[in-house]
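These are the residues of each chain, in order.
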Amino acid sequence: VNKIKKINNNKTTTLLTVKGKSSFEMFNGRIYYNNKAYNLKNGKTAKFVAKEIYVTKNYMYYMNKNNNLKSLDKKGTRRIVAKNVHKYYGANNGKIVIYSKLNNNNEEVFYKRTGTDKEYMLCSWSDMEKAIKTPSPLPEKYNYTIYDALFHKGKVYFEFRITGDNLQYEKISRVSNKGGTPEMVLDPNNSYG
């Protein structure tokens, strides 16, 4: 059980009790949890259906029931960022968002979009896999998972967690923000138990 409390003039008030595995996010004076939005100013609760919510400094991104990635800014403006999104990977505090969709072969394909500008296809999972397995490949039985993605100076960086045999490896690859062939940036070849 998580209790969300408010402290005002040295007085503590319990606003909400969130039970079980429910998570909550806070953005622009509202707490989002269990498909609800709690307004901190007036104490009212409204329906807000979202499968996943991600908060940055200036925007809140969320996946709706139709797998559309949407954004909400601090003025309350909502917009569709992309449709048929498979997974959200990250966003800078501006309007840059990194996400993936599935192609006809059910393979993950990565995209970048800035606000309502053009959507850029970055690369496919198989392109990314070639980059992270070079120059020091790991056994096939290892699991490759993208942990985080970040946009920086015209490049999109992906951090991978690679696990197997009770070991964990981390690698970082990058690709141009307008798409291309991914390349390995960091391959520490270290293991962490």
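Everything numeric here is computed off the predicted structure, so don't read it as measured data.

Q: Outline the confidence of the model for the protein chain, listing residues and values.
A: The share of residues in the protein chain with pLDDT of 70 or more is 90%, and the mean pLDDT across the chain is 84. Of all secondary-structure elements in the protein chain, the lowest mean pLDDT belongs to strand β1 (residues 2–8), at 74, while strand β14 (residues 119–124) reaches the highest, 95.

Q: Explain the pattern of salt bridges to me, using residue names and the numbers behind them.
A: All told, the structure shown has four salt bridges when counted by the stated rule. In this structure, the salt-bridge partner of E119 is K101, at a minimum N-O distance of 3.2 Å. Residue E119 is located in strand β14, and its partner K101 is located in strand β12 (residues 96–102); the two are separated by 18 residues in the primary sequence. By relative accessible area, E119 is classed as partly exposed at 25%. On the basis of relative accessible area, K101 is assigned to the buried category, the value being 18%. Between E159 and R161 there is a salt bridge, with its nearest N and O atoms 3.7 Å apart. Assessed through its relative accessible area of 19%, E159 is described here as buried. Through salt bridges with shared partners, a single network forms among E159, R161 and E170.

Q: Requested: an account of the sheet that holds strand β6 (residues 45–47), with residues and values cited.
A: On the basis of which strands lie adjacent, the open sheet formed by four strands has the order β3-β4-β5-β6 and antiparallel pairing. Looking at the sheet topology across the chains shown, the edges are occupied by β3 (24–27) and β6. Across the sheet, the mean angle from the axis of one strand to that of its neighbour is 25 degrees, orientation sign disregarded. Relative to β6, strand β5 (residues 36–39) runs antiparallel, the two sharing three bridges.

Q: Mind laying out the sheet that holds strand β10 (residues 78–82), listing which residues take part and the relevant values?
A: Across the sheet, four strands lie side by side as β7-β8-β9-β10; this open sheet has antiparallel pairing. The open sheet has two free edges, formed respectively by β7 (52–55) and β10, since each of these has just one partner strand. Averaged over neighbouring strand pairs, the angle between their axes works out to 25 degrees when direction is ignored. Note that strand β9 (residues 69–73) and β10 share four bridges and pair antiparallel. What sits directly across from L69, in β10, is A82.

Q: Before we move on, can you summarise the packing of aromatic side chains with the specific residues and values?
A: As enumerated under the stated definition, the model contains ten aromatic pairs in all. Here F110 and W125 contribute two aromatic rings whose centre-to-centre distance is 6.4 Å and whose plane-to-plane angle is 50 degrees, an arrangement assigned as tilted. Residue F110 is found in strand β13 (residues 108–114), and its partner W125 is found in helix α1 (residues 125–132); the two are separated by 15 residues along the sequence. Taken individually, F110 and W125 each receive the classification buried, so the pair is uniform in this respect. Aromatic pair W125 and F160: ring centres 6.0 Å apart, planes at 50 degrees, arrangement tilted. Of this pair, W125 sits in helix α1 while F160 sits in strand β16 (residues 155–164); the two residues are 35 residues apart in sequence, bridging distant segments of the chain. Looking at F160, the relative accessible area reads 0%, which means it is buried. Aromatic ring contacts, followed pair by pair, group Y89, F110, W125, F158 and F160 into a single cluster. Across from the ring centre of Y111, 5.3 Å away, lies the NZ or CZ of K101, which sits over that ring. A cation over a ring is seen here: R161 above Y147, with NZ or CZ 3.6 Å from the ring centre.

Parameters at a glance
- Residue indices begin from 1 for each chain and proceed along its sequence in written order.
- pLDDT decides what is reported in this predicted model: residues at 70 or higher carry local features, side-chain atom pairs at 80 or more are listed and counted, and totals for whole chains, interfaces and linings draw on all residues regardless.
- Side-chain calculation: all heavy atoms of the structure are included, whereas hydrogens and water are not.
- In predicted models, pLDDT denotes the confidence assigned by the predictor to each residue on a 0 to 100 scale.
- Going along the chain from the N terminus, every DSSP run of H or I of four or more residues is numbered as a helix, and every run of E of two or more is numbered as a strand.
- Here, a salt bridge means any side-chain nitrogen of Lys or Arg that lies within 4 Å of a carboxyl oxygen of Asp or Glu.
- The buried label applies to any residue whose accessible area, calculated with a 1.4 Å probe on protein chains only, is under 20% of its type's maximum; exposed applies above 50%, and partly exposed to all values in between.
- Strands pair, by our definition, only if DSSP identifies at least two bridges between them.
- Between N-to-C directions, angles span 0 to 180 degrees; the directions come from axes that are lines fitted to C-alpha atoms, helices contributing only their stretch in contact.
- Two rings from Phe, Tyr or Trp (for Trp, the six-membered ring) form a pair when their centres are within 6.5 Å of each other. A pair whose planes differ by under 30 degrees is stacked, one over 60 is edge-to-face, and the rest are tilted.
- A ring is scored as having a charge over it whenever the NZ atom of a lysine or the CZ atom of an arginine sits within 6 Å of its centre and within 35 degrees of its normal.

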